[in-house]
Structures are given as C-alpha cells and as structure tokens.
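Take a look at the letters that make up each chain.
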Amino acid sequence: MKKYDPQAVEVRWQSFWEEEGYFEVTEDKTRKKYYLLEMFPYPSGKIHMGHVRNYAIGDVVARYKWMRGFNVLHPMGWDAFGMPAENAAIENNTHPAKWTYENIDYMRAQLQRMGFSYDWDRELATCRPEYYRWEQLVFLKMFNEGLAYRKKTYVNWCGLCQTVLANEQVVDGCCWRHLDQEVVLKEMDSWFLKITDYAKELLEYCDKLPGWPEKVLTMQRNWIGESHGAIIRFPVIDSDHVIEVFTTRQDTVFGATFLCFAPEHPLVHELTEGSDRAKEVAEFVERTLKVEAFLRTADFTVKEGVFTGRYCLNPATEEEIPIYVANFVLYEYGTGAIMAVPTHDQRDFEFAKKYGLSLRVVIKPEDRDLTEEEMAEAYVDEGVLVNSGQFNGTRNMEALDKIADYLESKGMGHKTVNFRLKDWGISRQRYWGAPIPILYCAKCGVGPVPEDQLPVLLPLDLDLKEGGRSPLPHEASFYETKCPHCGGPATRETDTMDTFVESSWYFDRFTSPRYENGPFDTEKIAYWMPVDQYIGGIEHAIMHLLYSRFYTKVLRDMGYLEVDEPFTNLLTQGMVCKETFRCRQHGYLFPEEVKEGRCMQCGKGIETGSSVKMSKSTKNIVDPQKLIDRYGADTVRMFCLFASPPERDLEWSDEGVEGAWRFLNRVWRLVTENREHLSNAKPYDGILPLSPDLKDIHRKTHQTIKKVTDDIEDRFHFNTAISAIMELLNKINQFLNNSAEISEVAWSAIKEAVDTMVILLHPVVPHITDELWEMLGHPQGLTTVSWPTYREEALEEESRLVVIQVNGKVRSRMEIPVSLAEKEIQDQALRDKRVQSFIGDKEVKRVIVVQKKLVNVVV
RNA sequence: GCGAGAGUGGCGGAACUGGCAGACGCACUGGACUUAGGAUCCAGCCCGCAUUGUCGGAUAGGGGUUCGACUCCCCUCUCUCGCACCA
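Residues numbered from 1 in each chain as written. Chains lettered and ligands numbered in written order. Predicted model: local features only at pLDDT ≥ 70, side-chain atom pairs only at ≥ 80, totals over all residues. Heavy atoms only, no water.

### A word on the overall build of chain A
Worth spelling out the cut-off: Elements are defined by DSSP. Helices are runs of H or I of four residues or more, strands are runs of E of two residues or more, and each kind is numbered from the N terminus. In short, Shrake-Rupley with a 1.4 Å probe defines the accessible areas, and a residue's cover is counted only from the protein chains shown.
Helix and strand counts for chain A come out as 28 helices and 37 strands. Reported as C-alpha extents along the three principal axes, the dimensions of chain A are approximately 105 × 85 × 65 Å. On chain A, roughly 39,300 Å² of surface is accessible, and the fraction owed to carbon and sulfur atoms is 48%.

In structure tokens form, the structure reads like this:
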C-alpha cells in the first residue's frame, strides 16, 4: 500500500491541471458565468499566512462553482506599485522595479505550488505600462469632466529627509528615520478625485447590496456621513467677508454667542494680518496643526483656542459676536467654521467656560426652566425654544425647518446636505507609482498630456534620492517637455498616483487583460462584470471598497461599463493571528528563535504575549513555505479552512496543522486499504434494502451532501462543512472496523459514501482527492465531475429523540416516530414517569410542543 | 476619541430561525498493538458535590423580555479592525 506523499501527488496534479488548461476561461454565453475574485496581493517578498487563507477560501468557492457547472473567472495579479518597494530599494541598494518583479516571480511560484485554480493567462501587474497607461487615460477623462482637480492641501514634511511622509512614517509626531525631527505640515498642491460628486449615490447603493456584510455597509454609510442641516452666513464687522458655517442645529442659531474657525481656514490669516493679534494667532495655528486631527478633536482633549480680535454679526440676533480659532474645529468638514452655541453643545460649552464667553439658553425642557448661571453642562436634549424671537414656544425639532426657511428668506442661509466624505487626494510625491499625466505651461497653464502621447512612462533607469526622495522632479529628461498648445517649454507633473487608484479597477481589466485598444474590451467586460464574489481582508472594509465603488460609477458614466456596483457579494475574512514572544533583552522574537520557552540568543525566559495579527513587526509569523514543504499544500489549505469560519480571526496552531495532516492520512488509508473492493463495487442505487447500519451510512452520506452544500452555498462556513465530512469518515471507519464480513451490497453503500466524501472534499484539498478519485477507478480529474445532489427520501428518519422539559429544564427524553401528531406527543410526554414525578401535584398550566425537538411542560 | 465588530471548556470552534450548550478537531489522561512510537486503534475529557444524580452551576460581568436566551433589549468590561499619504 502506498504511503501518502503530498509532494509527489501535488506536483503531479498541478501539472495535469495546467496541461489540460482547466482554469483558462473564455466568454461562453451558453453557460452561466461566475466571477470570483480575491483581493490581489502586494508583492512584498513571499506569501504569508494571510494570503494563504484568503486564497484558500477563494479557491474552495471557485472549485465548488466549477463543479456546479459555472463558467468561472478566477484571476490573479499584483498590486505592484507602492512604498515598500522604495524602502527595500534603499535598504538593499537595489531598484524598486527589480525588487518588485523578483518578488512577483517568487510569489507566483508559491501560489502555483498551493494549487490555486487561477487562470494565469490573465495575470497582470499594475506597475506595467500596459496597465497604468489606461489609468492615465481614465484620469485625463476625469480631468476633462472636472472629476480630477487640483487644490492646496497639507502634507507631513520632514525637514531632514526633505520629503513628504506618509502617516505611517510619522512616529509620535516625528520622522521615522529621524526620531528627534519634528514633522511639520507643509502646504502643497495636490490632485483630487471628486468622489463627493458620487457621495449620494454611494450612500443610496448601500441599501442595494444585499450580498455585503451589514457591518461593512454600516461602516461605509458612517464614513460617507450624510447629515442634513444648513449653511448660515455671518458677516464680518468692518469687512466685506461673510463667514459661512455648516450646522445641523440651526434651531439654536439665536444662542450662537461666538464663532470658531478651524486652524487651517484661509480667513484666519486674512482677518488677523497686520493686527496686534496676528502673532499669537499664527503661533496657535502652528502649534495646533502639529497634533493629528483625530487626537485634537477627541472628547478628552482640552478645548483650546485663540481670539482673532475680530467680530461678526449673528444673522438671527443681529448681535456682534467674537471670532475665535479653535482646535476642535475640522477644516475638512462642513465649511471649516462653526457657530458656537455653548448652551446646547458640550464642546462649545467647555470652550466658553474656559475663555469666559457669554451663554444664552435658547432651548429649555418642557417641564422646567434653564438658567445660564446654573448650567454645569450643555443641554443637548429636545425642548422648546426661548430667547429666539418669533420662534419662542416652538418645539426645537419643528424649528429646524422654520429657522432654515427664515434665514433663507433673509438671504442669510439655506438648507443643505453635508457629507463627512472628503474628496480623494491621489497625489504622492513618490517615484514608484503611476505618473499623473499632466503638463504645466507658463503660458497655457495646467493641461492634460495629449491622449496620443500616453503612456507617460515611469523611467526605470533612475534611482531614489537621499532620504527616499523621488528622482522624478530632479530628472530633466523626464519632466522637461513641450506644451502641446503653444509648443513652448512645459514641465510634467512629477507626482505619482495613490496606489489605491490601481486597485480600484483591476477587476475590470481582468476581463480583458491584454486588450490594446482601450482599457477594456466592451463585450468581455459586459459578459464578466460584476464580480459575483469578492473576498478579502476586513481591513479594506472602507477605503479600498469605497474607492472601487466610486471608480466603477465613474467608468459607468464614461460608458465603459454597464454595472452600477463592482462587487455583488462580499466576504470579509478575519486576520490570521498568533501569540507573540518577547525577550527582555532582544525584543520580539520569531517562533524559531525560541526554544523551550527561552530566547535562543541569551537563554532568558521569554514573555508570551496575547494573540495578535501576524506581522513582521511583532515577529509572530509562520512561513507557509515551510509548512508546504513539510505537509504539502492540501494540509495547509485544510487547516486554514477548518480552524475557523472565514469572517472570524484565525488563531494559528501548529498542532492544528498536525490534525489536518492526520485527517488527510485517514482518508488516504481508507481508500488505499480498501482499494480493491471500492474500485470494483457499484455505487449504491438507493433501492436495494440495507441493514440498519448501512442505512445509517447511506443516510449520513446524503445528510453530509446537504450539510456541505448548504455550508458552502449559504454562508461559506467551511469549518462546519469539513467537520461534517469528518463525521462521515468516522462513521465509515466505524462500520468497517466492526464488520467481519462485508457483503456486495454493503460495499456498494460504502462506495457511495467514499466517492461522495472524496468529491465533497475536492474543493478544499484538490490534489489528494484527484489522486484518490483515480484510485477509486474513475476517469481523471474531479473538476469536471458534477457536485453531488442529495436524495430527499434518503434523509428521512423513522424516529426522533425529543427532549421533555418541565419549566424549561430538561427532565426526560423520548424516542418517537416522526409522524406522531402534536396531541399524541403531548400526551406521551405527560405520561412519562420522570416528568410525572417533576409535575407532582402541581397544576399543568401550559404545554409547548416544538415539532421534532422538544416538549416543555409549564407547571 | 469617533465608527464598526467580537467575547462559549486547557485551546480552535459548534449550536444556522429563541428550543438538549460544548458537534468536529487539538491538547491531555488511561488502555490496546508494538523492539520502539511523535504511527494506528479503543476509552475518558466544562466546573462542583459531606446526596456521583436524567443532580446543581456555567456561554466576559450585571440587569431585563420569554414557557424557554450563547441567540433579543439595556448597562459595564476586555479585545480586534478602520480613521482618509501603509497596502
């Protein structure tokens, strides 16, 4: 008998699938399409367990859909632009391109070794000009339609590196390369995509995505953050300026006793310039902008501000009120200025108390009065208006509309809808990205690169500058060009695009990855899109998915696409986690640096930390390659799928892998030890009478088909699907161990069970099952075998164990025929001796009968 | 801080629609087979017990709804993810 040798088995079937071209697909209008996509990886070096899990989940679904007869598109590619390539280039003195392409080659081989069913002919890498040229084209179209525009923004700047820092490169307000160098905010021109134009539609369609997890939709809704309110105009005293504020509480406008600017607001400088307050205000602004926005607006942060020395007119009361700059006001939200109503907003209240500003109650509870002097906190509940002129006595919820209308009639405001969502800043001052195809001409201004000059190639013969700076602004051969209008000298934009742009449309390109006449082949994209099932990490719940949705709508409006949404169904998988090891002296340790609970360098005992997401920084990583080498791909796949349901975090366990390995060996032995009988037997026809034992196996076989199908189809719970198959295996083994002699009809029933088990396992562990299927005497290749269906009559049971409760506590059980009527069940339960003893002489108030499950006697 | 989730034995998890809490697996314990076992097979395995029982308790903690709550509602705690230039 052959021993299970996963390496040999897996290589054999991988070449078989490749030679047969199993997973190469074309548009076939006679078959139902199924587009399955997993989030493509960043080529960071080698695959990690997160990839393995993501792609194992996807592969089960893909193979399952193949077996159900779908025409399955299952592509793979590389999100290949990005900062890690630049960091690696500096560290290893190499080129980002070289590093990236080498990683791609290595990781492709690893994915192939995992046996994933990808159509490799469609592979794409976003760093190739054949890819990003179309991104540049779409950018130009967006520019022409006003969807891409330029505006000033603030970026993190390290004076020593002379470069812009990403948020993750800022450590405690300092540069990650220079931990004593404070990061400053620098104003800079940046390109933005007008996602806010689509805010309303993005929000509305959250209700039209039933295949998405509700939690993701909720997060997206909150991120878009629609709020209804009003713009109110406050004229500045001794000035032509009018300050616009956005508020959702226009009902409190009579209580607005001061006004606050966000530190970034351009009027701050303008209104204070040349005054004696200019210096103090400027210092406050500078100090405040160093603190991250979410920190400085946090509830626990002390509300701080500075008086500008200027006043404006409250349009409702016509009183002069002071203008402040405050740390808790966000420039990005609303208009970047607020009217402050200290009596009815807690932040405003704290601010007013700190700076001795006046308060005026304008809403009071119906049952009592409120006085400014006695208030210890803002009154934020509903109530009735007071001190509000003609609106006194109106309920505040009704006043919202009335006051908005009143302000509008006076030309001092209007109702509006505001979104929390900001436009998408896509400019990156980086080298390893797609160039933004824009030209600057001294005479003609900002303009697009003519379409026939695309792509704007990213030159690959450049090296990063000191501190990781992009070489593009320093390379005349790149940025020097001619203006297409006047023929005079022009310069190119040297910023590159956010890599989220590439990942916002790669799924479209997969439908026609080699198409040369445009971004997409219209017919192919129409056949395949939308993606039927998208699978990826929960960490992408907001940004990547929202950007992709936005981009889809833009492409639709440009006429490239017919769909409104890119992903019909979404599965967000959890993280792969593992405990951390830490040595007092040597910090975090890799698992292989620990021996018997001690650091291998110094021999000191180590601290075991709680289980967190596997990452290089905490060194709690397991290299999938080592597991593949030791156990084979099938075992690794099996473990990932069995250990927890996909949407939950997966707790890593070396022993668990061992368990998966043992299970596959049990399956292997069952087939190889009984190969003669099994390959000669005829599968059970469902008609010949069976002994109770065999009937049990027959029933279990069909129950397992139902269970596994439901688990995969309805909720992707592969862990319970696999445990059901384990139960079937246990049942078969039990029968074989307990039977001295096995009849022909018995072998038929066993054959049916074993065949079924092998088929059901195929999507999870495709290699071993293809091998066993062949041994069982079938023609090669399970991918083309139909998924089994269960027979309803095979599931039927004659009797059922029903629980009897008295007052909700289980007191007895009875085996009753399933056909028994409710009345009969009730009578039989009440006759039960144990039940009788618990009822005693108490009165039976109620009897609840739940068919096939339980009887509850209430006394 | 804000937004969103999660919390069940020693561990991963199961219980899908409110109906037997702990399926399946791991670890552990005992036994069988064996020259040997990190193989295999069999059995046990939530906690408690001065009533070993078809007993009592137990699903982060507290309260509520219900004949009945891991499941629904309220409060608290802990952990995870996201927070717009990481991917």
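### Overview of a nonpolar patch on the surface
Spelled out, the test is: To count toward a patch, a residue needs a relative accessible area over 30% and no salt bridge; like charges are then connected within 9 Å, while nonpolar side chains (Val, Leu, Ile, Met, Phe, Trp, Tyr) are connected within 5 Å. By definition here, a salt bridge exists when the distance from a side-chain nitrogen of Lys or Arg to a carboxyl oxygen of Asp or Glu is within 4 Å. Each residue is placed in one exposure class: buried if its accessible area under a 1.4 Å probe, protein chains only, is under 20% of its type's maximum, exposed if it is over 50%, and partly exposed if it falls in between.
Together, V171, W176 and L179 give the surface a local cluster of nonpolar side chains, amounting to about 260 Å² of exposed area. Structurally, the position occupied by V171 is in strand β7 (residues 170–171). For V171, a relative accessible area of 34% translates into the label partly exposed.

### A few points about the pattern of salt bridges
All chains considered together, the criterion is met by 50 salt bridges. Taking the shortest distance from any N to any O, the salt bridge between K152 and D189 comes out at 3.3 Å. Pair noted here: K152 is in strand β5 (residues 148–158) and D189 is in strand β9 (residues 184–193), with a separation of 37 residues, a long-range link. Taking relative accessible area as the criterion, D189 reaches 31% and is therefore assigned partly exposed. Where E318 meets K410, a salt bridge forms, and the shortest distance between an N and an O atom there is 3.6 Å.

### Notes on the domain arrangement of chain A
Our working rule: Domain boundaries shown here were taken from an automatic or database domain assignment. By definition in these notes, contact holds between two residues if any of their heavy atoms fall within 4.5 Å. Summed over both partners, the accessible area (1.4 Å probe) lost when two parts come together is defined as the buried area. Contacts described as polar in this section are N or O atom pairs within 3.5 Å, which, within protein, must combine one atom able to donate a hydrogen with one able to accept it, while residues neighboring in sequence count only if both atoms come from side chains.
Structurally, chain A comprises domain 1 (28–126 + 503–573), domain 2 (139–153 + 190–194 + 424–498), domain 3 (226–419), domain 4 (576–643), domain 5 (653–795) and domain 6 (799–858). Taking only C-alpha atoms, the centre of domain 1 and the centre of domain 5 are 34 Å apart. At the junction of the two partners, domain 1 supplies 14 residues and domain 5 supplies 16 residues. In this assembly, domain 1 packs against domain 5 so that about 1,400 Å² is buried in total across both faces, 71% of it on carbon and sulfur atoms. If you sort the residues of domain 1 by the area they bury against domain 5, V60, Y64 and M67 come out on top, with a joint share of 50%. Linking domain 1 with domain 5 are two salt bridges. Here R68 ties to E713 by a salt bridge, and the two come within 3.9 Å at their closest N and O atoms. Inspection of the region where domain 1 meets domain 5 yields three residue pairs in polar contact (both at pLDDT 80 or more). Ranked by residues supplied to the side of domain 1 that touches domain 5, first place goes to helix α2 (residues 49–67) with nine residues.

### Some words on the nonpolar core
Selection criterion: Buried Ala, Val, Leu, Ile, Met, Phe, Trp, Tyr and Cys residues form a nonpolar core when they are joined through side-chain atoms within 4.5 Å.
Counting 185 residues, the largest nonpolar core has M49, F139 and W652 as its most contacted members. Once residues lying within four places of it in the same chain are set aside, the contact partners of M49 are V576, M614, V622, P624, L627, V636, C640 and W652. Counting residues in each nonpolar core, the second largest holds 55 residues, with A337, A352, V362 and M375 among its members.

### Some points on empty space enclosed by the protein
Selection rule: As defined here, a cavity is a set of points on a 1 Å grid over the protein atoms alone where a 1.4 Å probe fits but cannot get out. A pocket is an open set with protein on both sides within 12 Å along at least five of seven lines, and residues line them when an atom is within 4 Å of a point. Grid points are joined across faces, edges and corners, and a volume is the space filled by probe spheres set on the points. Note on residue categories: nonpolar means Ala, Val, Leu, Ile, Met, Phe, Trp, Tyr, Cys or Pro, charged means Asp, Glu, Lys or Arg, and polar means any other residue, Gly included.
For the structure on display, the rule yields two cavities of 30 Å³ or more. Looking at the largest cavity, its volume works out to about 40 Å³. Lining the largest cavity, in full, are R800, V802, I816, P817, V818, L820, I825, Q851 and K852. Its residues assigned to classes, the lining of the largest cavity shows six nonpolar, one polar and two charged. Taken as a whole, the second largest cavity spans an internal volume of roughly 30 Å³. Elements supplying a minimum of two residues to the lining of the second largest cavity: α22 (692–715), α23 (718–738) and α24 (744–761).

### Brief notes about the layout of surface pockets
Space inside the second largest pocket adds up to approximately 850 Å³. Forming the boundary of the second largest pocket are 36 residues, of which Y154, E264, H265, P266 and Y331 lie nearest the centre. Breaking the lining of the second largest pocket down by element, the ones donating at least two residues are β5, β9, α8 (266–272), α9 (278–289) and β18 (413–419). Ranked by residues supplied to the lining of the second largest pocket, first place goes to α9 with six residues. Looking at the lining of the second largest pocket residue by residue, the classes come out as 17 nonpolar, nine polar and ten charged. Counting only domains with at least three residues in the lining of the second largest pocket, you end up with domain 2 (139–153 + 190–194 + 424–498) and domain 3 (226–419).

### As for the protein's contact with RNA strand B
Worth spelling out the cut-off: Here a residue counts as near a molecule or strand whenever at least one of its heavy atoms sits within 4 Å of it.
Taken together, 71 residues lie near RNA strand B, and A643, M726, R813, R834 and N856 sit nearest. For RNA strand B, the backbone makes up 67% of the atoms found within 4 Å of the protein, where backbone means sugar plus phosphate. Q429 is positioned such that a nitrogen or oxygen atom in its side chain is 3.4 Å from a base nitrogen of RNA strand B. Taking K707, its side chain carries an N or O atom lying 2.9 Å from a base nitrogen of RNA strand B. Here the surface near RNA strand B gets seven residues from one element, more than from any other, and that element is α23.

### Details of the side chain of D832
Using the following cut-off: Under the counting rule used here, the positive set is Lys and Arg, the negative set is Asp and Glu, and His together with the chain ends is not counted.
By the secondary structure assignment, D832 is in the loop between α27 (822–831) and α28 (833–839). For the buried D832, no salt bridge is present, and the opposite-charge side chain at shortest range is R834, 5.8 Å distant. Contacts of D832, omitting those with residues within four sequence positions, involve I804, S812 and R813.

### Structural notes on the environment of I436
Among the structural elements, I436 can be located in the loop between β20 (427–428) and β21 (438–441). By relative accessible area, which is 1% here, I436 ends up buried. The sequence separation of I436 and K731 amounts to 295 residues, and the corresponding C-alpha distance is 63 Å.

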